[in-house]
Amino acid sequence: MDNRLFRKLSAGNEKNKPENSRRVKTLNIILSVVLAVILWAYVIGEVNPETEKTLEGVPLNIVGEKTLESQGLVVITEFEDVISAVIKGRRSEIYGMTANRLSARIDVSDCAEGENQVSVKVTAPSNIEEAVAVDGDMVVVVDRLVTEKKPVDVVVSGELRDGCEMDITEMSRSSVEVSGPSTYVDKVDSVVGVLKVKEGQQDYSQEISLIAVDRDGKAVKGVEIEEPSVNIQAVKTLVKSFEVKVNYTGTPAEGISLVMPDSAPISLKGKYEDITGIDSIETETVDVSGITEDTYVNAVVKIPAGAAVVDSLGKPVEGQADGTVVIKVEIKVNHTDIVSDGEE
């Protein structure tokens, strides 16, 4: 009887072994996690080791520029608005620290003309043990401040009909002073204003803004124009070629036949509406009496109102007075029509 009871108890124990093993394993896992958390809390809360962290986007300030300006100097180096910095301290202090809680600055007050090596100073909250810029030194280039006079030019923007151009009849100033670093001012070739023209508009009276440009017409940055605008008066003009009718009077010498051109070329310039309104031009009468050889004669042309005689470059020719101009007309003797002595 005792033997049968013993065998029953032994069989029951064998059946419970897997279940006990799973319980032990689960208990070990839970215990390991708890110990790990305790250890981590101990390290963080009690030991709190030193560490470092790199922060990007720390604001950068430049100080001392007013001091340089009082000495006639200026910084021409272009700085970024932010830098990167490395901070060191206890992990609990470093954790969660952001770039906007730091600041960096460069003091240029002691810089001289030319290149200078200047240290970047980083300021951090008092709980940060150390804060330094990733790039500890920066090259700062300093230049002289100068002022020079530059000519004012006006350029036309917009489409003009063939032969049309804009004449600037009045401008409030022909030059302006340009100030800034000598490196930049030396690049300035002229100061330009843009006149925008419209179809159908003949006369312009307006104020236009000025920009400093180099020889290639590109804007020069970093300079200041003392008076950044100019008032102009402008008119749309037209250059057009005409054939002037030449009027003759008189009789050549006996037995002389002359070759006399019916017209002579001339170019007139004036307001668009004035030039387009001209139908024809004539000379005053040219007297050819007594001419016996090839020659040039003066022909007086009455210039229509609002027009001027110009050369091939569109520049007014000399000798225009009282609304007239003298042109040269070539008269040639027709030798084929001359009867030689003794011939019938």
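How each quantity is defined
- Counting starts from 1 at the beginning of each chain's written sequence and moves along it residue by residue.
- The predicted origin of the model limits local features to residues at a pLDDT of at least 70 and limits the giving and counting of side-chain atom pairs to 80 or more, whereas totals for whole chains, interfaces and linings rest on all residues.
- Processing note: side-chain calculations cover all non-hydrogen atoms of the structure and skip hydrogens and water entirely.
- The helix and strand labels rest on DSSP assignments: H or I over at least four residues marks a helix, E over at least two residues marks a strand, and numbering proceeds from the N terminus.
- We call a residue buried when its accessible area falls under 20% of the maximum for its residue type, exposed when it is over 50%, and partly exposed in between, using a 1.4 Å probe and counting protein chains only.
- Note that accessible areas follow from Shrake-Rupley with a 1.4 Å probe, and for residues the cover is restricted to the protein chains shown.
- When DSSP finds at least two bridges between two strands, those strands are taken to pair.
- Every axis in this analysis is a line fitted to C-alpha atoms, fitted for helices over the stretch in contact. Angles between the N-to-C directions lie between 0 and 180 degrees.
- We define a salt bridge as a side-chain nitrogen of Lys or Arg found within 4 Å of a carboxyl oxygen belonging to Asp or Glu.
- Buried Ala, Val, Leu, Ile, Met, Phe, Trp, Tyr and Cys residues form a nonpolar core when they are joined through side-chain atoms within 4.5 Å.
- The definition of a polar contact used here is a pair of N or O atoms within 3.5 Å, where within protein one atom must be able to donate a hydrogen and the other to accept one, and adjacent residues in sequence count solely through side-chain atom pairs.
- Residue contacts follow a heavy-atom distance rule, with two residues in contact if any of their heavy atoms lie within 4.5 Å.
- Confidence per residue, as judged by the predictor, is encoded in pLDDT with a range of 0 to 100.
- Positive residues here are Lys and Arg, negative ones are Asp and Glu, while His and the chain termini are left out of the count.

S.K.: Help me understand the overall build of the protein, please; the structure alone is not making it clear to me.
M.R.: Helix and strand counts for the protein come out as 5 helices and 21 strands. Across the 344 residues in the protein, those meeting the buried criterion constitute 31%. As displayed, the protein has an accessible area near 22,600 Å², and 48% of this comes from carbon and sulfur atoms.

S.K.: Quick question: what am I supposed to make of the sheet that holds strand E1 (residues 50–63) here?
M.R.: The strands making up a sheet associate through hydrogen bonds between their backbones, and the pairing can be parallel or antiparallel. Taken in spatial order, the 5 strands make up an open sheet running E6-E4-E1-E3-E7, and their pairing is mixed. Edge positions in the open sheet fall to strand E6 (121–123) and strand E7 (130–133), since each of these has one partner strand only. On average, each strand axis in the sheet is inclined to that of its neighbour by 35°, with strand direction left out of account. Judged from the 9 bridges that link them, E1 and strand E3 (residues 82–90) form a sheet pairing that is antiparallel. Bridge pairing in E3 places Lys53 opposite Ile87.

S.K.: Please clarify how the pattern of salt bridges should be interpreted in this entry.
M.R.: Pairing between side chains of opposite charge can happen when the charged atoms of each approach one another. Scanning the model with the defined rule gives 8 salt bridges in all. Among the salt bridges present, the one from Lys269 reaches Asp167, with a minimum N-O distance of 3.3 Å. Separated by 102 residues along the polypeptide, Lys269 in strand E17 (residues 263–271) and Asp167 in strand E9 (residues 164–171) bring together distant segments of the chain. Judged by relative accessible area, Lys269 falls into the buried class, the value being 14%. Note that Lys332 and Glu330 form a salt bridge whose closest N and O atoms lie 4.0 Å from each other. Among the residues examined, Glu330 registers a relative accessible area of 35% and is labelled partly exposed. One network of salt bridges, in which partners are shared, links Glu165, Asp167 and Lys269.

S.K.: Where do I start with the sheet that holds strand E21 (residues 324–333) in this structure?
M.R.: Overall, antiparallel pairing links the 3 strands, which are arranged E16-E21-E19 in an open sheet. Because the sheet does not close on itself, it has two edges, and the strands there are strand E16 (258–259) and strand E19 (295–302). Where E16 and E21 come together, 2 bridges link them in antiparallel fashion. Its bridge partner lying in E21, Leu258 is registered against Val333.

S.K.: Before we go on, may I ask you to explain the nonpolar core in this structure?
M.R.: For soluble globular proteins, the rule of thumb is that nonpolar side chains tend to be buried together. Counting residues in each nonpolar core, the largest one holds 28 residues, and the members touching the most others are Ile266, Leu268 and Ile281. Among the elements of the structure, strand E14 (229–245), E17, helix H5 (272–276), E19, strand E20 (307–309) and E21 are those that each provide at least two residues to this core. Of all hydrophobic cores here, the second largest spans 26 residues; its members include Leu60, Ala85, Ile87 and Leu102.

S.K.: Hey, could you run me through the side chain of Ser190 in this one?
M.R.: In this fold, Ser190 is placed in strand E11 (residues 190–196). A polar atom in the side chain of Ser190 sits 3.5 Å from the side chain of Asp153. The residues touching Ser190, leaving out its near neighbours within four places in the chain, are Pro151, Asp153, Ile211, Ala212 and Val213.

S.K.: Help me out: how do you make sense of the confidence of the model for the protein in this one?
M.R.: Reading fine detail from the predicted coordinates is not recommended where pLDDT is low. When pLDDT is averaged across the protein, the result is 85; 89% of the residues are at 70 or more. Predicted confidence is poor over residues 340–344, with pLDDT under 50, and the contacts of this stretch with residues over four places away or in other chains come to 0 contacts.

S.K.: Mind showing me how you'd approach the environment of Val286 here?
M.R.: Along the chain, Val286 falls in strand E18 (residues 286–287). Taking relative accessible area as the criterion, Val286 reaches 3% and is therefore assigned buried.

S.K.: Is there a simple way to think about the pairing of E14 in this case?
M.R.: Successive residues of a regular strand alternate their side chains across the two faces of the sheet. Examined bridge by bridge, E9 and E14 share 7 bridges and lie antiparallel to one another. Bridge assignment links Asp167 to a residue of E14, and that residue is Val235. Pairing analysis gives 7 bridges linking strand E12 (residues 203–213) to E14, with the strands arranged antiparallel. Pairing of Ser209 across the sheet is with Ser229, part of E14. The sheet contact formed by E14 and E17 spans 9 bridges and is antiparallel.

S.K.: For this particular structure, what's the right way to read the side chain of Asp143?
M.R.: Of note, Asp143 is situated in strand E8 (residues 137–157). At 5.0 Å, Arg144 is the nearest oppositely charged side chain to Asp143, a buried residue that forms no salt bridge. At 2.8 Å, the side chain of Asp143 and the side chain of Ser182 are in polar contact. One polar contact links Asp143 to Thr183, side chain to side chain, over a distance of 2.6 Å. In this structure, Asp143 is in contact with Gly72, Leu73, Val74, Ile76, Glu113, Pro181, Ser182 and Thr183, ignoring residues within four places of it in sequence.

S.K.: Could you clarify how one ought to interpret the environment of Ala85 in this entry?
M.R.: With respect to the element layout, Ala85 can be found in strand E3. Linking Ala85 and Asp135, residues 50 residues apart in sequence, is a C-alpha distance of 8.2 Å.

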